[in-house]
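# Coordinates in review
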Amino acid sequence: MTDIRKSPEKKAFERLPNNVKPLHYDLRLKPNLRTFVFDGKVEIKLQVNEPTCEIIFNALELEIKSCVLLLENGSELRPNIQPSLDTERVKLVFNQNIPVGTAQLTIKFKGESNDKTEEDQKCYYAETQFEAPGARRYFPCWDEPAIKSVFEVTLITAIRDVALSNMPVVSELEDGDYKIVKFAPTPIMSTYLVGFVVGDFDYIEDNSNDGILIRVYAPPEVKKQGRFALNIATKVLPYYQEYFQVPYPLPKMDLVAIEDLPVGGMGKWGLVSYRQSALLVDSSNASASQKQLVTIIIALEIARQWFGNLVTMEWWTQLWLYEGFITFIRNLCLAHLFPEYDIWTEFVFNIHVKALELDCLKPSHALEVPVEHPSEVNKIFDDVSYNKSASLIRMLNQYLGDSDFKKGMHIYLTRHQYDNTFTEDLWNALEEASQKPVKDMMSTWTKLAGFPVINIINSEQTGDVRELTISQDRFCGGSDNAGESSLWMVPLTFSTESNPHDIVYSCVLETKTCKVQIPAAPGDWVKLNPDNVGFYRTHYARNLLDQFIPAMRNKSLPLMDRLNIVDDLFALVQAGHCLHDKQLRSLVLSKLGTYGDPETIKEAKRRFSDHVSKRCIIPLDLRTSVYQAVISEGDQSTFDTLIQMYKTETSQEEKERIYASLGAFKDANILLKVLNFAMSDEVSPQDKIFVIISVATDIAGRTLVWEFLKKNWTNIYSLYKGGFLMTHLVKYTVENFSSHEMADEVERFFASKDTSSLERTISKAVESAHLNARWLSRDQECIRQFLQNHEQHSIDITESKEVK
């Protein structure tokens, strides 16, 4: 018996050798939902490509009980088993060469589940998440995305439990207190897409209009809350089949609600797990924004069934492309099916703008970052990777036109289905479809960090033609860009006052400077980057910027263009050189409460009192705004009331509203109680970080959180093992500091800690703090003078009204 958990050996990372490849896994698992351990057996059909006396595969934290290799001639070989915890591998060494051909490797093993959930010690269930990479924790395998195989899964579970996997059940036999559930063989696929869920679930079902069986699984008492998600899924799945012109290759799709999932969704092939609050909708307690969130997450994970599951990246280096693509394509889907969501405005606010803000910082990085060990994925792939890549795919879609983009996607998916690809394979397919230089253009965006600022230097009118002189430089938000010689191939588009909703001219800027001739009537404004699609900033000369003022006042300039102008101008100043009616009302009231408007706070307190006493329940879309306004002037009694509300609340969405508002307290002693509450058993591990962040986002709590983080670093870090939740905590704790002293203190603190998985996050957050400090030092006096003058002007206006 060999235990993979014991090994002193440490070696540099290497990919698995290709002399032996798996063809078929017959996997048998028996999970114990009480002890969270499992017993397993796997029979792997192997293709031996060259004679060898060694077989190397992945396994981690598995106890290997026995191992035998059956050759084609019927003889059995028992190897010397050599595990390595550091390399997450097992080497089998045989006393003779294994001949070329096929062989069967049978391994019996035991392990402990890391993806487990228990609720009040009454409801237990297990769920797998193998990216990136986790399959090796559940069964011995060749755990690399390019080493695809067929999987036949059998689960042995308690009779009362529901067992799910990627494929439909083909047989189910009772064996005493257990049942043996066998699933159909999967298509050829990567190990990280294998999945199973076991637990107490019930389901509702429907068929898409193209005949795919779709089920939503949930705890029996809330299964009816899956009706909204089921309705969305039956619409989304056919949209992708139509768009890609590639059928969904599996006979079913299961959407499973998991109470405490650390992310919104996990898109395993045919078996998609969702955090319960990201899938279930209680019609009596769900806001418009919550329904929209559920729709977005469902559309995202179903898109993954084609782009990621059917066609898979060759290695984790290409993960940015897949994540960026599915984020973009889900928006195409939602814009088509649910135009009332105005999803592209949401995209610009929440993804495009954030990507620009992060990618201009000095610690930013190119999208195409080589990944060696899979554990580096969480360290390398950050908000720049995901948000920027989605924004670039949107820009590419506009440059090619949707027709050629769809054609290229069809070529790509059909040419590489059930296979693995590199980034260039997608560019080649899109180039073939469009006859445009996609590869050359996109390489400038994926190989270079940052993005350009397009300077409109001069404008001259001749008849009905406007000639603009333009140039490009790298845009740097935090430091001088002198010496930067990067050049991008930038697809440029223009609109005019006479045609504010149309692209009247387009071209590609490939050089440092050039002149362009735009058809425009004399006196018309000319706008670069209509709809805010291009991933760049625009710097207008002052006289050209002034031309937009009347159009912004009377709103003849479209919303996205108004946002684009204001956002670019704000970024340029900082660097030194529409929503749904319900959500808009909520946003306005939130800001009025945050900035202490007396009438807003007075009304919020009245409504909160009525809400607590059940006299009049606050509308769902206004609750967060009311909570924050009340808390901003709250005391110990307010804190106690909210904590009691949290403890008795059964809706996860409402719990999130409450804990996300707790950071609005101004009293430092109460904020410390919020932080202690975050670390208590009342708050799940997945939610603790967000309670702490709620305190860090307000100026009153930022330093408190930093001191709290330093004091509790060991416990917090050990709880999350440096995963993506830790990156959120560090980012939101540090990036809003505005002094060089605090930035230096942060660097000193982390210098003595093992934070390899957080290096980029720390670096970018510290750079943001330095940027804030430089901005404050440079402009604080003129800002203060402006505000003083504005205040005096407001007083004068008020006094004049009173006189009248």
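Residues numbered from 1 in each chain as written. Predicted model: local features only at pLDDT ≥ 70, side-chain atom pairs only at ≥ 80, totals over all residues. Heavy atoms only, no water.

## Topic: the overall build of the protein
- A tally of helices and strands in the protein yields 24 helices and 30 strands.
- Taken against the 2.2 N^0.38 rule, which gives 28 Å for 804 residues, the C-alpha radius of gyration of the protein at 29 Å falls within 12% of a compact globule.
- On the principal axes, the C-alpha backbone points of the protein span a range of 100 × 65 × 55 Å.
- Across the 804 residues of the protein, 56% fall into the buried class.
- Side chains of the protein carry 87 positive and 109 negative charges; the gap between the two charge centres is 2 Å. (Helix = DSSP H or I, 4+ residues; strand = E, 2+ residues; numbered from the N terminus. Rg over C-alpha atoms; globule rule 2.2 N^0.38 Å. Buried < 20%, exposed > 50% of the residue type's maximum accessible area, 1.4 Å probe, protein only. Lys, Arg positive; Asp, Glu negative; His and termini not counted. Charge placed at Lys NZ, Arg CZ, Asp CG, Glu CD.)

## Focus on the packing of aromatic side chains
- All told, the structure shown has 42 aromatic pairs when counted by the stated rule.
- Ring centres of Phe451 and Phe535 lie 5.3 Å apart, and the angle between their planes is 70 degrees; on these two criteria the pair is classed as edge-to-face. One end of the pair, Phe451, is in the loop between α9 (438–446) and β24 (452–462); the other, Phe535, is in the loop between β29 (526–528) and β30 (537–540), with 84 residues separating them in the sequence. Each member of the pair, Phe451 as well as Phe535, carries the same accessibility label: buried.
- Where Trp713 meets Tyr717, the ring centres are 5.3 Å apart and the plane angle is 25 degrees; that geometry is what we call stacked. Taken together, the residues span about one helical turn, with Trp713 and Tyr717 both in helix α21 (residues 713–720) at a distance of 4 residues.
- The class for Trp713 is buried, based on a relative accessible area of 4%.
- Overall, the relative accessible area of 18% leaves Tyr717 in the buried class.
- The ring of Trp315 carries Arg15 above its face, with NZ or CZ at 4.0 Å from the centroid. (Phe/Tyr/Trp six-rings, centres within 6.5 Å; stacked < 30°, edge-to-face > 60°. Lys NZ or Arg CZ within 6 Å of the ring centre and 35° of its normal.)

## Topic: empty space enclosed by the protein
- Its volume calculated, the largest cavity comes out at about 50 Å³.
- Contributing to the lining of the largest cavity are Pro31, Asn32, Leu33, Phe36, Val37, Phe38, Ser113, Ala126, Tyr138 and Phe196.
- Secondary structure elements with two or more residues in the lining of the largest cavity: β2 (20–32) and β3 (37–48).
- Of the residues that constitute the lining of the largest cavity, the class distribution is 8 nonpolar, 2 polar and no charged. (1 Å grid on protein atoms, 1.4 Å probe; cavity = no way out; pocket = protein on both sides within 12 Å on 5 of 7 lines; lining within 4 Å. Points joined across faces, edges and corners; volume = space filled by probe spheres on them. Nonpolar A, V, L, I, M, F, W, Y, C, P; charged D, E, K, R; others polar.)

## Describing the environment of Leu250
- By the element assignment, Leu250 lies in the loop between α1 (227–244) and β19 (252–258).
- In this structure Leu250 comes out as buried when scored by relative accessible area, which is 3%.
- Distance in space between the C-alpha atoms of Leu250 and Gly270 is 6.7 Å, their sequence separation being 20 residues.
- Those residues in contact with Leu250, other than ones at most four positions away along the chain, are Asn166, Met167, Pro187, Ile212, Trp269 and Gly270. (Contact = heavy atoms within 4.5 Å.)

## Some thoughts on helix α20 (residues 699–711)
- For α20, the set of buried residues is Gly701, Arg702, Val705, Trp706, Phe708 and Leu709. Buried residues of α20, seen end-on, are gathered within an arc of 165 degrees and therefore sit on one face of the element.
- Residues of α20 that are buried make contact with α18 (668–678), α19 (685–696), α21, α22 (724–734) and α23 (740–751). (Arc of directions from axis to C-beta.)

## A look at the packing of helix α15 (residues 623–632) against helix α17 (residues 652–661)
- Packing of α15 against α17 brings their axes to within 9 Å, and their N-to-C directions diverge by 30 degrees. One way to sum up the angle between α15 and α17 is to call them roughly parallel. The interaxial crossing formed by α15 with α17 has right-handed handedness. For the pair α15 and α17, contact is made by Arg623, Thr624, Tyr627, Gln628 and Ile631 and by Glu654, Arg657, Ile658, Ala660 and Ser661, respectively. (Axes fitted to C-alpha atoms, helices over the stretch in contact; angles between N-to-C directions. Parallel < 35°, antiparallel > 145°, perpendicular 65-115°, else oblique. Left-handed = near helix turned anticlockwise from the far one by under 90°.)

## Looking at the sheet that holds β19
- Sheet architecture is open: 5 strands sit in the order β17-β18-β19-β21-β20, paired in mixed fashion. A strand with exactly one partner marks an edge of an open sheet, and here the two such strands are β17 (202–207) and β20 (265–268). Along the sheet, successive strands turn relative to each other by an average axial angle of 15 degrees, direction set aside.
- Pairing analysis gives 6 bridges linking β17 to strand β18 (residues 213–218), with the strands arranged antiparallel. Its bridge partner lying in β18, Glu205 is registered against Arg215.
- Most of the contacts of helix α2 (residues 288–303) go to strand β21 (residues 271–275), to which it runs at about 150 degrees, and overall it touches β19, β20 and β21. (Pairing = 2+ DSSP bridges.)

## Here we look at the nonpolar core
- Grouped together as the largest cluster of nonpolar side chains are 175 residues, with contacts concentrated most on Trp142 and Tyr240.
- Looking at this core element by element, the count peaks at 11 residues for helix α3 (residues 319–337).
- Setting aside its immediate chain neighbours within four residues, Tyr240 contacts Gln245, Ala299, Ile302, Ala303, Trp306, Ile329, Arg330 and Cys333. (Core = buried A, V, L, I, M, F, W, Y, C linked by side-chain atoms within 4.5 Å.)

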